[in-house]
Amino acid sequence: MVVRMRHNRGQTGSRRSHHALKTAVLSLCKDCGSPKKPHDICTVCGKYKGKQIVDVHTKIAKKNAKAKEKAKKAGK
Ligand SMILES: [Zn+2]
């Protein structure tokens, strides 16, 4: 690739002036009080607007069982 035109530091800085990261906005879960993203399911209790959306306990159990099986396979 050919560099067509050299950019000076000012031009580079101007372009990068929009690259700063914004701090994440977090609200508290009404059910368990842990911080969560607004308009999103709580990752701790799996609820949204007081309604159970994701069964977190069975999901964790399933994940652990899968990891155990994978470790077992890798050991053989
Ligand atoms: Zn919660």
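Residues numbered from 1 in each chain as written. Predicted model: local features only at pLDDT ≥ 70, side-chain atom pairs only at ≥ 80, totals over all residues. Heavy atoms only, no water.

A. Quick peek at the overall build of the protein. Scanning the protein for helices and strands turns up two helices and four strands. For the protein, the sequential pattern of α-helices and β-strands runs α-β-β-β-β-α. Relative to the compact-globule value of 11 Å for 76 residues, the protein shows a C-alpha radius of gyration of 23 Å, a clear excess of over 25%. For the protein, the C-alpha atoms occupy an extent of roughly 55 × 45 × 15 Å along the three principal directions. The buried share of the protein, taken over its 76 residues, is 11%. Across the protein, every contact between residues at least 6 apart in sequence was considered, and the portion connecting residues at least 24 apart equals 0%. Total accessible area on the protein stands at roughly 7800 Å², and carbon and sulfur atoms take up 58% of it. Between the centroid of the 21 positive side chains of the protein and the centroid of its 4 negative side chains there is a distance of 14 Å. (Helix = DSSP H or I, 4+ residues; strand = E, 2+ residues; numbered from the N terminus. Rg over C-alpha atoms; globule rule 2.2 N^0.38 Å. Buried < 20%, exposed > 50% of the residue type's maximum accessible area, 1.4 Å probe, protein only. Contact = heavy atoms within 4.5 Å. Areas by Shrake-Rupley, 256 points an atom, 1.4 Å probe, with all protein chains shown as cover. Lys, Arg positive; Asp, Glu negative; His and termini not counted. Charge placed at Lys NZ, Arg CZ, Asp CG, Glu CD.)

B. Structural detail: the coordination of the zinc ion. Bound to the zinc ion on the protein side are Cys29 (SG), Cys32 (SG), Cys42 (SG) and Cys45 (SG), at distances that span 2.2 to 2.3 Å. Spacing between the donor residues of the zinc ion along the chain follows C-x2-C-x9-C-x2-C. Of this pair, Cys29 sits in the loop between strand S1 (27-28) and strand S2 (35-36) while Cys45 sits in the loop between S2 and strand S3 (47-48), and the two are 16 residues apart along the sequence. By relative accessible area, which is 18% here, Cys45 ends up buried. (Donors = N, O, S within 2.8 Å, 3.2 Å for Na, K, Ca; no water.)

C. Summary view of helix H2 (residues 56-75). If you check H2, its first and last C-alpha atoms are 29 Å apart, about what 20 residues at 1.5 Å a residue would give, namely 28 Å. With one of 20 residues buried, H2 is to be regarded as a mostly surface element. (Expected span 1.5 Å × (residues − 1).)

On their own, these measurements won't tell you what the molecule is for.
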